[in-house]
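# Residue-level structure breakdown
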Amino acid sequence: MPKNMADYRIGILPGDGTGREVALEAQRILDTIEQHTNQGFDQIVIPCGGQHYIETGEEWAEGSFDFCRDEADALYLGAIGHPGAYLPNGDLAGGSVILGLRSGLDLYANLRPIKLYEGVPHKVHGKFTQIWEPGMVDMTILRENTEGLYHSLLRRSADRAMGRTPYEPPEMTFPGLKGEVAYDPRPISEHGSERLIRMGFEIAETRNGAPIDGKKRVSCIDKSNVTRGCQLFRRTFDKVALDYPDTEPDYGYIDAFTQWLTRSPESYDVVVTSNMFGDIATDLGAVLQGGMGMAASGNIGDDNAFFEPVHGSAPKYAGMNKVNPIASINSIQLMMYWLGRKNNDDELAQIGSLIDDSVADHLRDGKGLTYDLGGTASCSDVGEGIAARLATKLQDTF
Ligand code: IPM
Ligand code: MN
């Protein structure tokens, strides 16, 4: 099909381990869209990560951060983390990529939808079961992505990515502590909280409410009975909530939330929380949707964004063509929605929902599942199967 639109430039950062394999399936989806629509994607692959660091002495080639910031319309990241790959200062090698981009591009919201598709079993106590019903698990967790407990590592990683002297928190002594002490400051700002919480309420406007009652609800998950940062986060939440009178504000402490999340996921619609709480809660949330192989995410700022599966590089499965590529494919789905909104390109949003339909059909069909969902299909089998369904839908639609 002739291309009549300017191509979008997509930076592809495969990273480490199985990240490299699932990145190929993300690229297959971009290729499929390109073949069957007028959309064009100029895919620029940027080698990076811990293994790349061991092989080359660099986390990624010089200029990569500038390319991601200034040249790319959107970014995709596979996974970062290679056994034994640490920098001389002890930080994760590849951190400049994942954390440097989050901080350096000010990608303040980590969007992690949790939806259970029909036909997906989830593994609890070692067996495939169906504890939660499809339709009853459909929420989005928004994790603050630029401050909190990650603050100093984020700052150091961005400094490295931008060629600046890496930040170190000031030396401090703590009354009552003896011997060597390591500490991580956990600053939470009103500005950082407000923009994240506002995005949460805006997203609630576009959704159908919580599965249990169809009510639009934003849940503020914190530990404001203990930390000052969380008290500021909750005060900011209350202030923002006043601007959205049709959405129900809801509150929970992170410890209690982990119970409610597993016992009654149907009561959640949009959840906003701080950085480390969101990191932990979304791995638990992934269990509700069939495991880490199903969990997609977007790291979103005002000008840039990158999309990545929530799972890590799974070194023990690397090179085996075994892991589930759906988290990766659905990260491209999220990319299409974001890119469409940013460029007023409604066709991209339509393409995003056709990716969703293709994944849903594939899972409902139940044939061709990877090991984590009880099947024997390979990573590329699943990628090919979903891409074939998408090709048909695109042909029928465009
Ligand atoms: C995630 C990961 C990262 C994080 C690691 C790889 C630094 O666990 O994206 O959830 O902690 O944010
Ligand atoms: Mn994590």
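Everything below is about the structure shown above.
A short tour of the structure in this document, coming up. (Residues numbered from 1 in each chain as written. Chains lettered and ligands numbered in written order. Predicted model: local features only at pLDDT ≥ 70, side-chain atom pairs only at ≥ 80, totals over all residues. Heavy atoms only, no water.)

For residues other than glycine, phi is negative in most cases, and the peptide bonds are mostly trans. The residue Ala-314 is not glycine, and still its phi comes out positive at about 40°. One can find Ala-314 in the loop between strand S12 (305–309) and helix H10 (326–342). The backbone of Asn-344 sits at a positive phi, close to 45°, despite the residue not being glycine. By the secondary structure assignment, Asn-344 is in the loop between H10 and helix H11 (346–365). (Helix = DSSP H or I, 4+ residues; strand = E, 2+ residues; numbered from the N terminus.)

By volume, the largest pocket amounts to about 1,200 Å³. Of all the secondary-structure elements, those providing two or more residues to the lining of the largest pocket are strand S4 (109–115), strand S7 (138–144), helix H6 (190–206), strand S11 (296–300), H10 and H11. Here the lining of the largest pocket takes 8 residues from H10, the largest share from any one element. Looking at the lining of the largest pocket, its residues break down into 17 nonpolar, 10 polar and 12 charged. (1 Å grid on protein atoms, 1.4 Å probe; cavity = no way out; pocket = protein on both sides within 12 Å on 5 of 7 lines; lining within 4 Å. Points joined across faces, edges and corners; volume = space filled by probe spheres on them. Nonpolar A, V, L, I, M, F, W, Y, C, P; charged D, E, K, R; others polar.)

By size, the foremost hydrophobic cluster in this structure holds 81 residues, and its most contacted members are Met-336 and Ile-355. With sequence-adjacent residues up to four places away left out, Ile-355 is seen in contact with Ile-29, Ile-33, Ile-329, Asn-330, Ile-332, Gln-333, Met-336 and Leu-390. In terms of nonpolar packing, the next biggest core, distinct from the first, is built from 21 residues, Ile-80, Leu-99, Leu-101 and Leu-105 among them. (Core = buried A, V, L, I, M, F, W, Y, C linked by side-chain atoms within 4.5 Å. Buried < 20%, exposed > 50% of the residue type's maximum accessible area, 1.4 Å probe, protein only. Contact = heavy atoms within 4.5 Å.)

What follows concerns the site of ligand 1. With respect to spatial proximity, the complete set of residues near ligand 1 consists of Arg-102, Arg-112, Arg-143, Tyr-150 and Asp-279. Here Arg-102 contributes a side-chain N or O atom positioned 2.7 Å from an oxygen atom of ligand 1. In the model, an oxygen atom of ligand 1 is placed 2.9 Å from a nitrogen or oxygen of the Asp-279 side chain. For ligand 1, whose unbound accessible area comes to 320 Å², protein coverage reaches 76%. Here the residues of the shell around ligand 1 are counted per class, giving 1 nonpolar, no polar and 4 charged. (Near = heavy atom within 4 Å. Polar contact = N/O pair within 3.5 Å; in protein donor to acceptor, adjacent residues only side chain to side chain. Areas by Shrake-Rupley, 256 points an atom, 1.4 Å probe, with all protein chains shown as cover.)

Strand order across the open sheet formed by 10 strands is S2-S1-S3-S12-S11-S4-S7-S10-S8-S9, with mixed pairing between neighbours. Since the sheet does not close on itself, it has two edges, and those belong to strand S2 (41–45) and strand S9 (248–253), each with one partner. Going from strand to strand, the sheet's axes swing by 20° on average, the running direction of each strand aside. Strand direction decides the pairing type here: strand S1 (residues 8–15) and S2, joined by 5 bridges, are parallel. Bridging across to S2, Gly-11 finds its partner in Ile-44. Each of S1, strand S3 (74–79), S4, S7, S11 and S12 is contacted by helix H4 (residues 95–104), which is oriented at about 140° to S12, the strand it contacts most. In the packing of helix H8 (residues 254–263) onto the sheet, the strands contacted are S7, strand S8 (217–222), S9 and strand S10 (270–273), and the crossing angle to S9 comes to about 110°. (Pairing = 2+ DSSP bridges. Axes fitted to C-alpha atoms, helices over the stretch in contact; angles between N-to-C directions.)

The subject of this paragraph is the pairing of S8. Within S8, 6 of the 6 residues are buried, leaving the element largely enclosed by the surrounding structure. Burial of S8 is two-sided: the residues Arg-217, Ser-219 and Ile-221 facing one way and the residues Val-218, Cys-220 and Asp-222 facing the other way are all buried. Relative to S9, S8 is paired through 6 bridges, and the arrangement is parallel. Each bridged residue has a counterpart across the sheet, and for Val-218 the counterpart in S9 is Pro-249. In terms of strand pairing, S8 meets S10 through 4 bridges, oriented parallel. Counterpart to Ile-221 in the pairing with S10 is Thr-273.

Another point: the environment of Glu-194. With respect to the helices, strands and loops of the structure, Glu-194 is situated in helix H6. As for Glu-194 and Phe-237, which are separated by 43 residues in sequence, their C-alpha atoms are 7.1 Å apart. Beyond its immediate sequence surroundings of up to four residues, Glu-194 is in contact with Thr-236, Lys-239 and Val-240.

Turning next to the packing of aromatic side chains. Within this structure, the stated rule accounts for 8 aromatic pairs. Ring geometry for Phe-174 against Tyr-183: centres 5.0 Å apart, planes inclined by 65°, an arrangement best described as edge-to-face. We classify Phe-174 as partly exposed; its relative accessible area is 27%. Relative accessible area serves as the criterion here: at 25%, Tyr-183 is assigned to the partly exposed category. Consider the rings of Tyr-317 and Tyr-371, whose centres lie 5.0 Å apart with planes at 50°: the pair is tilted. Residue Tyr-317 is located in the loop between S12 and H10, and its partner Tyr-371 is located in the loop between H11 and helix H12 (379–397); the two are separated by 54 residues in the primary sequence. The rings of Phe-201, Phe-237, Tyr-244 and Tyr-251 are connected pair by pair, giving a single aromatic cluster. It is Arg-143 that lies over the ring of Tyr-150; its NZ or CZ is 5.0 Å from the centre. (Phe/Tyr/Trp six-rings, centres within 6.5 Å; stacked < 30°, edge-to-face > 60°. Lys NZ or Arg CZ within 6 Å of the ring centre and 35° of its normal.)

Think of an α-helix as 3.6 residues a turn; residues three or four steps apart then line up on the same face. Between its first and last C-alpha atoms helix H7 (residues 228–241) spans 20 Å; for 14 residues at 1.5 Å apiece the expected length is 20 Å, and the two agree. Turning to H7, its buried residues number three or more, namely Gly-229, Cys-230, Phe-233, Arg-234, Thr-236, Phe-237, Val-240 and Ala-241. On an axial view of H7, the arc spanned by its buried residues comes to 160°, and they lie on one face. In H7, the exposed residues that point more than 90 degrees away from the buried face are Arg-228 and Arg-235. Its buried side turned inward, H7 meets H6, S8, S9, S10 and helix H9 (275–288). (Expected span 1.5 Å × (residues − 1). Arc of directions from axis to C-beta.)

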